[in-house]
Amino acid sequence: MGLGADAATDQVAVSGGRIVAIGEAAQALAATEVVDLGGAHVVPGLNDAHFHLSYYGRQLESLYLGPGRISSLEELYLAIEERARVVPEGSWILGHGYYSLDLGAHPDRRELDRRANGRPVFLSHQCGHLAVANTAAFIAAGLDVEHPGQAPVGGEIAIDGSGSATGLLIETARELVTGALPSTTLEQQTTAIGAASAAAAAMGLTSIAEPGICAPGALPGSRHDDLLAYQRAREAGALRVRATVMPLIDGLNRVEQAPGVWARAGGLGARTGFGDERLRLGPVKIIADGSLSGRSAFVSEDYEHEPGNRGLLQYLPDDLRDMMFEADRAGWQLAIHAMGDSTAELVIKILEELAPVSTLVQFRPRIEHFSLVEPGLVARAAALGVVPVPQSRFIGQFGHGYRRCLGDHRVDQVFPIRSLLDLGMVPAGSSDAPISDGDPLKGIADMVRRVAPDERTVAPEERVTVEQALLSYTQGSAYAEGTEGWKGRVREGYVADFTVLDRDPLTAPAESFGDMTVEATIVGGAFTHEK
């Protein structure tokens, strides 16, 4: 699929939530209501293809410890001290967003003990794949900090020279403690989804894809009944964005009548595409590795200054292959989380085996992140019709950290968006919020500029035009979920989803995108946000 912009127009007629006429044809129709936007600029509704809406909502209540607020470990510890003064005894202190690459190290279990005054502490890393717990948290989870034992496959419990836990939990090891965290009620989850969707609408988003639901423990902020929470938020009128929800494969159950097939979804046999234009099931997600900034993504060369560390695979290769084949047989579009180049190569190899025997009417596998890839892998993925879902916002927020992890010789392979386009691929605009701040305008600017926080440019040859970046956040994100036939364009018959901006993004300098204002957000012809 090639991405192409629609012709500019100054009038759009909407009826029943859809665009029914454009330009002079719209002017000729009798209108029951006329909305004059006063010269503001309208683009098709922005769509984030990888936005953890429920996790974002839960984090609105958590202690933020990331860049912009915390710049040293001592500041982090002081924030824990301050929270401990107001949190009742026995209650948990939950934090998120700490960035070890800026802090110089991960928080230490024993120091957290000293600062938390006996309260259990659980802090999620910026990448969402690592966490730190203090002694009280280990005890609450039934773990012995002096002899922590083995982590599940695909994870690691960090230990010091004496064999004691440092507090750092890598990948699946987080699940050893997350099961002891205070449980979230269905009502709280529903409220979190509503609050996060309001925040997303204020950013100009009309649609999101939630990359992983129904997997408590495996995904932060998740419950086994996440889909019900989404339904309730929608019924209450609190869901302000169109949502495509992607079940994590861990959260679905095999069907008894067809053992070995991941038809899943509680035995109902539901699959990708079930639902309607407001709330629908998307791909099934499989997390194959970790993160680059957490140094847990599976890579082909050792991470800088960590000899022997090439990250982790979440599954044995044969198990990953079985999951992918079975999910395809059950009618699920695939969405595979692959950050490292070795993981991407493994996933592409499996997809090359699967493509000739796929049972899907449309074989459109997604690779979430597709972060570190060399040209040969990009070409193989393009030949398969893979849909890449990269996060350019990571460059603007964490690009300096990637350089520290990968070195100068590899960092220019991160998020090669221009190369994807040149080979005919359709990258989807996304943020992985709340891992990044989620602002789609900043994401578009980062595709164009590729400037890291240290002011160094990451692979300038991979820059794209503003128009190409905007198309990724509209048509590209729709294509990634198979909704490009009715969403992502200003065209007759398409849904009336618009993002209203205070200036023309096609002529404004990319450096000014951070100051651009979302004047209004419109979904199905109805305002979901107004300035």
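Structure shown above.
Analysis parameters
- Residues numbered from 1 in each chain as written.
- Predicted model: local features only at pLDDT ≥ 70, side-chain atom pairs only at ≥ 80, totals over all residues.
- Heavy atoms only, no water.
- Helix = DSSP H or I, 4+ residues; strand = E, 2+ residues; numbered from the N terminus.
- Expected span 1.5 Å × (residues − 1).
- Bend = angle between axes of the 7 residues up to and from the residue.
- Buried < 20%, exposed > 50% of the residue type's maximum accessible area, 1.4 Å probe, protein only.
- Disulfide = S-S within 2.5 Å.
- Pairing = 2+ DSSP bridges.
- Axes fitted to C-alpha atoms, helices over the stretch in contact; angles between N-to-C directions.
- Contact = heavy atoms within 4.5 Å.
- Polar contact = N/O pair within 3.5 Å; in protein donor to acceptor, adjacent residues only side chain to side chain.
- Patch = residues over 30% accessible without salt bridge, like charges linked within 9 Å, V, L, I, M, F, W, Y side chains within 5 Å.
- Areas by Shrake-Rupley, 256 points an atom, 1.4 Å probe, with all protein chains shown as cover.
- Salt bridge = Lys/Arg side-chain N within 4 Å of Asp/Glu carboxyl O.
- Parallel < 35°, antiparallel > 145°, perpendicular 65-115°, else oblique.
- Left-handed = near helix turned anticlockwise from the far one by under 90°.

Visitor: Can you walk me through helix α17 (residues 466–480) in this structure?
Guide: Because an α-helix packs 3.6 residues into every turn, residues spaced three or four apart end up facing the same way. Over its 15 residues, α17 extends 20 Å from the first C-alpha to the last, a length consistent with the 21 Å expected when each residue adds 1.5 Å. Bending of α17 peaks at approximately 40° at the position of Ser472. Along α17, 13 of the 15 residues are buried, which leaves the element largely enclosed by surrounding structure. Among the residues trailing α17, Gly482 stands out with phi positive, at a value near 75°.

Visitor: Can you help me understand the state of the cysteines in this one?
Guide: In a disulfide, the sulfur atoms of two cysteines are covalently bonded to one another. Enumeration according to the criterion identifies zero disulfides in this entry. Cysteine Cys127 is unpaired, with the sulfur of Cys405 as its nearest cysteine sulfur at 9.7 Å. Owing to a relative accessible area of 6%, Cys127 belongs among the buried residues under this scheme.

Visitor: Would you mind showing me how to read the sheet that holds strand β11 (residues 205–213) here?
Guide: On the basis of which strands lie adjacent, the open sheet formed by four strands has the order β4-β11-β12-β13 and parallel pairing. Each edge of the open sheet is held by one strand with a lone partner, namely β4 (46–48) and β13 (279–281). Going from strand to strand, the sheet's axes swing by 15° on average, the running direction of each strand aside. Sheet topology places β4 next to β11; three bridges connect them, and they run parallel.

Visitor: Help me out: how do you make sense of the pairing of strand β9 (residues 155–159) in this one?
Guide: The side chains of a regular strand alternate, residue by residue, between the two faces of the sheet. As defined by bridge partners, β9 adjoins strand β10 (residues 165–171) across four bridges and the pair is classed as antiparallel. Bridge pairing in β10 links Glu156 to Ile170. Turn length for the β9-β10 hairpin, with the two strands adjacent in sequence and antiparallel, is five residues, and the turn residue Gly163 shows positive phi of about 90°.

Visitor: Can you walk me through the environment of Gly90 in this structure?
Guide: When you line up the elements, Gly90 lands in the loop between α3 (73–86) and β6 (93–98). When neighbours within four sequence positions are excluded, Gly90 is seen to be in contact with Arg119 and Pro120.

Visitor: Can you walk me through the environment of Asp36 in this structure?
Guide: Following the sequence through the fold, Asp36 ends up in the loop between α1 (24–27) and β3 (41–44). Residues Asp36 and Val466 lie 430 residues apart in sequence; the distance between their C-alpha atoms is 26 Å. Side-chain polar atoms of Asp36 contact the backbone nitrogen of Gly38, separated by 2.8 Å.

Visitor: When you look at the sheet that holds strand β18 (residues 498–501) in this model, what are you seeing that I'm missing?
Guide: Adjacent strands of a sheet pair through backbone hydrogen bonds, lying either parallel or antiparallel. Strands sit in the order β3-β18-β19-β20 across an open sheet of four strands; the sheet is antiparallel. Since the sheet does not close on itself, it has two edges, and those belong to β3 and β20 (526–530), each with one partner. Across the sheet, the mean angle from the axis of one strand to that of its neighbour is 25°, orientation sign disregarded. Pairing analysis gives four bridges linking strand β19 (residues 518–523) to β20, with the strands arranged antiparallel. Bridging from a neighbouring strand, Ala520 pairs with Glu530 of β20.

Visitor: Any chance you could explain a nonpolar patch on the surface here in plain terms?
Guide: Taken together, the side chains of Val35, Leu37, Val42 and Phe527 make up a nonpolar region of the molecular surface, amounting to roughly 290 Å² of accessible area. Structurally, Phe527 can be placed in strand β20.

Visitor: What is the right way to read the packing of helix α11 (residues 341–354) against helix α12 (residues 375–384) from this model?
Guide: In helix packing, the relevant descriptors are the interaxial angle and the interaxial distance, both defined with respect to the helix axes. Running from N to C, α11 and α12 cross one another at 30°; their axes reach a closest spacing of 10 Å. Judged by the angle between their axes, α11 and α12 are roughly parallel. Considering how the two elements wind past one another, α11 and α12 form a crossing that is left-handed. Residues Asp341, Ala344, Glu345, Ile348, Lys349, Leu351 and Glu352 of α11 lie in contact with α12, whose contacting residues are Leu377, Arg380, Ala381 and Leu384.

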